[in-house]
Amino acid sequence: FKLTTVEEFEAATDRLLETGAKVGADSWQLRVKNQTPHCKFGEQGICCRICSMGPCRITPKAPRGICGCDAHGIVGRNYLKFTAGGAATHSDHGREICHTLYESAADGNYKVKDPDKLIRIAKEWGIETEGKDIYELAHEVAETGLMEYGKPFGTQRFLKRAPQTTQDIWEKEEIAPRAIDREVATSLHMSHMGCSSLPEALVRQSLRAGLSDGWGGSMMGTEFSDVLFGTPKPIDTEANLGVMVEENVNIVVHGHDPSLSEMICEYADDPEMIAYAKEMGAKGITVSGVCCTSNEVAMRRGIPMAGNFLQQENVVLTGACEAIVVDVQCIFPALGPLSKCFHTKFITTSPIAQMPDSEFIRFNSKTAGENAKAIVKAAIDNFKNRKPELVHIPDMKQKATVGYSVEAIVKVLDGVTNTQVDETGTTKPLLECITSGVIRGAVAMVGCNNPKIRPDTAHIELMKKCIANDIIIIASGCSAQAAAKAGLMDKSAKDLCGAGLKRVCELADIPPVLHMGSCVDISRMMILAAELAKDSGLKISQLPVVGCAPEWMSEKAVSIGNYVVSTGIDTFLGVDPYVSGSSEMAELLTGGIRDWVEAAYTVETDIEKLVDLMIERIEEKREALGI
Ligand code: SF4
Ligand code: FE2
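Residues numbered from 1 in each chain as written. Chains lettered and ligands numbered in written order. Predicted model: local features only at pLDDT ≥ 70, side-chain atom pairs only at ≥ 80, totals over all residues. Heavy atoms only, no water.

Participant: I'd like a rundown of the coordination of the iron ion (ligand 2), residues and numbers included.
Facilitator: The protein atoms donating to the iron ion (ligand 2) are His-256 (NE2), Cys-292 (SG) and Cys-519 (SG), with metal-donor distances spanning 2.3 to 2.5 Å. Ordering the donors of the iron ion (ligand 2) by residue number gives the pattern H-x35-C-x226-C. Taken together, the residues span a long stretch of sequence, with Cys-292 in helix α12 (residues 291-301) and Cys-519 in the loop between β13 (513-517) and α21 (522-536) at a distance of 227 residues. (Donors = N, O, S within 2.8 Å, 3.2 Å for Na, K, Ca; no water. Helix = DSSP H or I, 4+ residues; strand = E, 2+ residues; numbered from the N terminus.)

This is how it looks when you write it as structure tokens:
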């Protein structure tokens, strides 16, 4: 067993960029050069353009904007707007899933695949389940979920899943999120010219908006995706560009919402479509994925993962991609002009993500079947347009076992311990491993890639060091894909672990890095932390568990960070969220908020230091518990 190294990733990319150069393609690698160095004011968060008296920027000679706002207010408002953008985005994804659930029907495009989970949520929400048809119940639950976005009173229903101590903190600190749309709107209101410029107030609202995402919109996105498409269970797949198959029609799904990708997979698997592909000269159809939508279909169908965020251009550069089909979020507008250099069809499907140089096939849940069929057919029809001299798929892939939902983790860990833990169906076996020290703790590795960090290196190096130190990794999003591409989700990666974690991997038959899903599925991690706290009688903040986003880049990631720290989990970032221009903001986020939520951020751009700080924090938490 051998990991694929970042050097090997890079060599493969270089080879693809040579093809790109031949056809005059642009790439992020070139654009980064053109954009470097970045604007210093923007980097520090001290540029303001929220009113038209500006834009204003803070310098030693001009310490206040025209309205008199200082650096702390400007950085704070920018931080809150950034968070609101992320919370809105994840939550709107959740809302789309609520609508898909609402559209589900026995004879419709979408079915309920996990009725038990639906019933469980209905009961949790106090919805009568007796005597109801499952689709009647699905409509009622979906509608109740949709109300969470705009209800005039009360806080998010899912907050009750948190331990009482956490709920008390949220109440006391006035950060328990109300209606999701309200938290987003309030954030935009507060950061409007002439409203809040007090860092404490802006950060508090950032935490609340984040919580409306993690324990609101994202959690509904996750839960209802499970209801519709099935709760993930361990499943084998493969990762990296080598999953594309030269002889086949290659369809790459990219984006986030499984409503689209699930349907594409369904139709790509249709015998009629496969026969048509053969008629057109291909051997078959291969669907692979990029970014989170890839995580969604990998976990539920074993669809292979072509790559993560910064590989999205690479799939087109293979010259073997008939169609890259996207829904929302993290999609490079570059894919338009890039696909024009090849035969690739760049198909956008959502009114929310429309881009130049793309073909727009509007997708919606009522016509999902027809839409998906048209997309798969368009890809097949495009196979004959390939330019063989441009085709090169790097011969590089790794095996991965994915699909570790909370339910799956609880199940695989049942029976791992040899002592009297007889409560199956709880997190107690995992707790036992942690208290006995067999596992020292856990790191939730999440987030994107960012060219500011050598892509994937931080993810992979951090994970390697953690598992060698008996720290188990749960991973999601592009971080999970980095791990899969490298081979860290192959069960054989147990050989890279310390003796304790290795033993657990053997007993439970798991890889040391557990794939928990897409970015909205970080809500799964919150539920796992909540369960661990409840089962142990500890507070979440006492658990030897930390969160880490070493290569994050999007607004969504900041929203995530805010709900992870607000849940009591220390969060480690490898990229600064544009707050270095305000000592007050930086101090609040890395220290002050600990007085409110018992956790805070650590920002460290030196990745080796970052991992050491995480390990230190985990050991500190153990020491405080006397374990
Ligand atoms: Fe300048 Fe104040 Fe307007 Fe911002 S809000 S652009 S600091 S005047
Ligand atoms: Fe994502």
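Participant: Describe α21, listing the residues and the values that go with them.
Facilitator: Over its 15 residues, α21 runs 21 Å from end to end, which matches the ideal 21 Å to within 8%, given 1.5 Å per residue. If you check which residues of α21 are buried, you get Ile-522, Ser-523, Arg-524, Met-525, Met-526, Ile-527, Leu-528, Ala-529, Ala-530, Leu-532 and Ala-533. Downstream of α21 by one or two residues, Gly-537 has phi in the positive range, about 75°. (Expected span 1.5 Å × (residues − 1). Buried < 20%, exposed > 50% of the residue type's maximum accessible area, 1.4 Å probe, protein only.)

Participant: So what's going on with the site of ligand 1? Residues and values would help.
Facilitator: Inspection of the region around ligand 1 gives Cys-48, Ile-50, Cys-51, Met-53, Gly-54, Cys-56, Gly-65, Ile-66, Cys-67, Ile-74, Arg-77 and Met-193 as its neighbouring residues. By residue class, the composition of the shell around ligand 1 is nine nonpolar, two polar and one charged. (Near = heavy atom within 4 Å. Nonpolar A, V, L, I, M, F, W, Y, C, P; charged D, E, K, R; others polar.)

Participant: Break down the sheet that holds strand β12 (residues 471-476) for me, with residues and values.
Facilitator: On the basis of which strands lie adjacent, the open sheet formed by six strands has the order β13-β12-β11-β14-β15-β16 and parallel pairing. Only two strands of the sheet have a single neighbouring strand rather than two, namely β13 and β16 (601-603). Neighbour-to-neighbour, the strand axes of the sheet open up by a mean angle of 25°, direction not taken into account. (Pairing = 2+ DSSP bridges. Axes fitted to C-alpha atoms, helices over the stretch in contact; angles between N-to-C directions.)

Participant: Could you give an account of the pairing of β13, naming the residues involved and the relevant values?
Facilitator: Most of β13 sits out of view: five of its five residues are buried. The pairing of β12 with β13 spans four bridges and is classified as parallel. Paired with Ile-474 across the strands is Leu-514, a residue of β13.

Participant: Break down the nonpolar core for me, citing the residues and quoting the values.
Facilitator: Formed by 171 residues in total, the largest nonpolar core has its most connected members in Leu-101, Val-141, Phe-224 and Val-443. In terms of residue count, the dominant contributor to this core is helix α9 (residues 199-229) (ten residues). Ignoring any residue separated from it by four or fewer positions in sequence, one finds Val-443 in contact with Cys-466, Ile-471, Ile-472, Ile-473, Ile-474, Val-546, Cys-548, Met-614 and Ile-618. Ranked by size, the runner-up nonpolar core spans 33 residues in total, among them Met-244, Ile-324, Cys-330 and Met-355. (Core = buried A, V, L, I, M, F, W, Y, C linked by side-chain atoms within 4.5 Å. Contact = heavy atoms within 4.5 Å.)

Participant: Tell me what's going on with unusual backbone geometry, and back it up with residues and numbers.
Facilitator: The omega torsion of the bond from Thr-36 to Pro-37 falls at 0°, within 30 degrees of zero and hence cis. Of note, Pro-37 is situated in the loop between α2 (28-35) and α3 (40-44). Each neighbour pair has its own omega, and for Gly-54 with Pro-55 the value is 0°, a cis peptide bond. As for its position among the elements, Pro-55 is in the loop between β1 (47-48) and β2 (56-57).

Participant: With reference to specific residues and values, describe helix α8 (residues 180-190).
Facilitator: If you check which residues of α8 are buried, you get Ile-180, Glu-183, Val-184, Ser-187 and Met-190. The arc enclosing the buried residues of α8, seen along the axis, measures out at 130°, which places them on a common side. Close packing links the buried residues of α8 with α4 (71-103) and α9. (Arc of directions from axis to C-beta.)

Participant: I'd like a description of the environment of Lys-81, backed by residues and values.
Facilitator: Of note, Lys-81 is situated in helix α4. The spatial distance from the C-alpha of Lys-81 to the C-alpha of Ser-206 is 8.4 Å, given a sequence separation of 125 residues. Non-local contacts of Lys-81, meaning those with residues more than four positions away in its chain, are made with Ile-50, Leu-188, Ser-191, His-192 and Glu-555.

Participant: Let's hear about the side chain of Asp-521: which residues, and what values?
Facilitator: Within the secondary structure layout, Asp-521 lies in the loop between β13 and α21. Within the local environment of Asp-521, its side chain forms a polar contact with the backbone nitrogen of Ser-518, the two atoms lying 2.9 Å apart. (Polar contact = N/O pair within 3.5 Å; in protein donor to acceptor, adjacent residues only side chain to side chain.)

Participant: Report on the packing of α8 against α9, specifying residues and quantitative values.
Facilitator: Packing of α8 against α9 leaves a shortest axis separation of 9 Å and a crossing angle of 155°. The angle between the axes of α8 and α9 places the two elements in the roughly antiparallel class. Regarding α8 and α9, the two cross each other, and that crossing is left-handed. Residues Ile-180, Glu-183, Thr-186, Ser-187 and Met-190 of α8 form the contact with α9, whose own contacting residues are Ala-201, Leu-202, Gln-205, Arg-208, Ala-209, Ser-212, Gly-216, Gly-217 and Met-220. (Parallel < 35°, antiparallel > 145°, perpendicular 65-115°, else oblique. Left-handed = near helix turned anticlockwise from the far one by under 90°.)

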